[in-house]
Amino acid sequence: MYIYNTSFMVEAPVHDRWLALVRDKYIPFLKKEGFDRITLSRILSSETAGQLTYSLQVRVAEIPDYQRLDGELFAEYETIASGLFDGQVLHFATLMKVIEE
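Since the structure is predicted, the reported quantities are computational estimates derived from the model, not experimental observations.

Draft legend 1. View of the pattern of salt bridges. Taken as a whole and judged by the stated rule, the model has four salt bridges. With a closest N to O distance of 2.3 Å, Glu-33 and Arg-68 form a salt bridge. Within this pair, whereas Glu-33 is found in the loop between helix H1 (15-32) and strand S2 (38-48), its partner Arg-68 is found in helix H2 (residues 63-85), the two being separated by 35 residues in sequence. What makes Glu-33 partly exposed here is its relative accessible area of 26%. By relative accessible area, which is 28% here, Arg-68 ends up partly exposed. Ionic contacts of the salt-bridge type, sharing partners, join the residues Glu-33, Arg-68 and Glu-72 into one network.

Here it is, written out as structure tokens:
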């Protein structure tokens, strides 16, 4: 089992629109594509003035699932978000392997 974690740094002026996009469009899109173990969390320990940080974690069973998610499916988010938020939302992704639950 793997966790594909994407951290998002969201500037306050676009926060509500970004959160609505992720909740109303991107997460349902991922679920429709077969990824049903998804967690969206707000990161409290790294807040800076004017910026909020979130973590979107998607659990995947195998590396090919991760590759599909990281490639074609995340590209869908990037295409939409880049046009809407123009640099006001930054992100980076990390792949983690679950060792014990």
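Draft legend 2. View of the packing of aromatic side chains. Under the definition given, this model contains nine aromatic pairs. An angle of 50 degrees between the planes, with centres 5.1 Å apart, marks the rings of Phe-8 and Trp-18 as tilted. Here Phe-8 is found in strand S1 (residues 2-11), whereas its partner Trp-18 is found in helix H1, with 10 residues between them in sequence. Side by side, Phe-8 and Trp-18 carry an identical accessibility label, which is buried. Geometrically, the ring pair formed by Phe-74 and Tyr-77 is tilted, given 5.2 Å between the ring centres and 35 degrees between the ring planes. On the criterion of helical spacing, the pair formed by Phe-74 and Tyr-77 is a turn pair, its members being three residues apart in helix H2. Take Phe-74: its relative accessible area is 5%, and that puts it in the buried class. Among the aromatic residues, those joined into a cluster by ring pairs are Phe-8, Trp-18, Tyr-26, Phe-29, Tyr-54, Phe-74 and Tyr-77.

Criteria and thresholds
Residues numbered from 1 in each chain as written. Predicted model: local features only at pLDDT ≥ 70, side-chain atom pairs only at ≥ 80, totals over all residues. Heavy atoms only, no water. Salt bridge = Lys/Arg side-chain N within 4 Å of Asp/Glu carboxyl O. Helix = DSSP H or I, 4+ residues; strand = E, 2+ residues; numbered from the N terminus. Buried < 20%, exposed > 50% of the residue type's maximum accessible area, 1.4 Å probe, protein only. Phe/Tyr/Trp six-rings, centres within 6.5 Å; stacked < 30°, edge-to-face > 60°.

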